[in-house]
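# A look at the structure
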Amino acid sequence: MATKITDETIRYIASLAKLELTDEEQKQAGRDMEKMLDYIDLLEELDTEDAEPAFHIFPVENVFREDVVTNGDGSRETLGNAPAEENHMFVVPRTVEP
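Throughout this description, residue numbers start from 1 for each chain and increase along the sequence as written. Two thresholds apply to this predicted model, a pLDDT of at least 70 for residue-level local features and 80 or more for giving and counting side-chain atom pairs, whereas whole-chain, interface and lining totals are computed over all residues. Heavy atoms from the whole structure form the basis of all side-chain values; hydrogens and water molecules are not counted.

Let us look at the overall build of the protein chain. What counts as a helix is a DSSP run of H or I of at least four residues, what counts as a strand is a run of E of at least two, and both are numbered from the N terminus. Along the protein chain, the regular secondary structure elements total three helices and two strands. Listing every helix and strand of the protein chain by position from the N terminus yields α-α-α-β-β. Rg of the C-alpha trace for the protein chain: 28 Å, well past the compact-globule value of 13 Å for 98 residues, more than 25% over. Across its three principal axes, the protein chain shows a C-alpha extent of roughly 70 × 50 × 20 Å. The 98 residues of the protein chain split such that 10% are buried. By the convention used here, residues are in contact when the closest approach between their heavy atoms is within 4.5 Å. Here the analysis covers contacts within the protein chain between residues at least 6 apart in sequence; of these, 40% occur between residues at least 24 apart. We get accessible surface area from the Shrake-Rupley algorithm with a probe of 1.4 Å; when it comes to residues, only the shown protein chains can shield them. As displayed, the protein chain offers around 10,000 Å² of accessible surface, 55% of which is attributable to carbon and sulfur atoms. For the purpose of counting charges, residues Lys and Arg are taken to be positive, whereas Asp and Glu are taken to be negative. His and the chain ends are not included. Here the site of a charge means atom NZ of a Lys, CZ of an Arg, CG of an Asp or CD of a Glu. Counting 9 positive and 24 negative side-chain charges, the protein chain places the averaged centre of each group 10 Å from the other. Radius of gyration means the value over C-alpha atoms here, while the globule rule gives 2.2 Å times the residue count to the 0.38 power. A simple rule labels every residue: compare its accessible area, found with a 1.4 Å probe on the protein chains alone, to the largest value its type can have, and call it buried under 20%, exposed over 50%, or partly exposed in between.

As structure tokens, then:
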């Protein structure tokens, strides 16, 4: 099934992506998108009924854990190394002219 992408659709997608395309680039983008959609349609024709689910070669475990504070955030020690500190923040020399 040949999918047809309109110029209006290309302009809309380009505006969402903040792209400025020439007329030729719009035409090429439309052709490319049509090819991608046609390929997706082709893939949908595949019989995947008996396909095994994907698996990892390494065991996958739940990587989530409780957040437990064990030694604080270290901000006092960090600010202790600062050349200057004000209102719990580093004071640094200005590097950009106003």
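If charged atoms from side chains of opposite charge come close, those side chains can pair. One speaks of a salt bridge when a side-chain nitrogen belonging to Lys or Arg is within 4 Å of a carboxyl oxygen belonging to Asp or Glu. For the coordinates displayed, the defined rule picks out two salt bridges. With a closest N to O distance of 3.7 Å, K4 and E34 form a salt bridge. With K4 in the segment before α1 (7–16) and E34 in helix α2 (residues 23–44), this residue pair connects regions lying 30 residues apart in the sequence. Salt-bridge contacts for R31 lead to E24; the nearest nitrogen and oxygen are separated by 3.2 Å. We classify R31 as partly exposed; its relative accessible area is 37%.

Think of each axis as a best-fit line through the C-alpha atoms, taken over the contacting stretch in the case of a helix, with angles from 0 to 180 degrees between the N-to-C directions. Remark: α1 packs on α2, axes separated minimally by 10 Å, with the N-to-C direction vectors making an angle of 100 degrees. Comparing their axes, α2 and α1 come out roughly perpendicular. Note on element contacts: α2 touches α1 through Q26, A29, G30 and M33, opposite I10, R11 and I13. Residue polarity follows a fixed list, in which Ala, Val, Leu, Ile, Met, Phe, Trp, Tyr, Cys and Pro are nonpolar, Asp, Glu, Lys and Arg are charged, and the others, Gly among them, are polar. Residues belonging to the contact of α1 with α2 are distributed by class as follows: four nonpolar, two polar and one charged. Throughout, the term roughly parallel applies to angles under 35 degrees, roughly antiparallel to angles over 145, roughly perpendicular to angles from 65 to 115, and oblique to all others.

Right, let's get into the environment of R31. Looking at the secondary structure, you find R31 in helix α2. Through-space distance from the C-alpha of R31 to that of I5 is 7.8 Å; in sequence the pair is 26 residues apart.

On to the confidence of the model for the protein chain. For the protein chain, the mean per-residue pLDDT works out to 86, and 98% of the residues sit at or above 70. For every residue, the pLDDT score states the predictor's confidence, bounded by 0 at the bottom and 100 at the top. Across the protein chain, element-level confidence peaks in α1 with a mean pLDDT of 94 and bottoms out in helix α3 (residues 75–80) with 82.

Let us look at the environment of A17. One can find A17 in the loop between α1 and α2. The exposure class assigned to A17 is partly exposed, which follows from its relative accessible area of 44%. Remark: the alpha-carbon pair of A17 and S75, spanning 58 residues in sequence, is separated by 40 Å.

Residue count minus one, scaled by 1.5 Å, sets the expected span of a helix. For α2, built from 22 residues, the straight-helix expectation of 32 Å at 1.5 Å per residue is met to within 8% by its first-to-last C-alpha distance of 32 Å. Considered for burial, the residues of α2 that qualify are Q26, A29, G30 and E34. Across the axial projection of α2, the buried residues extend over an arc of 140 degrees, all falling on one side. With respect to the buried face of α2, the exposed residues turned more than 90 degrees away are K35, M36 and Y39. Directions drawn from the helix axis to the C-beta atoms are what define this arc.

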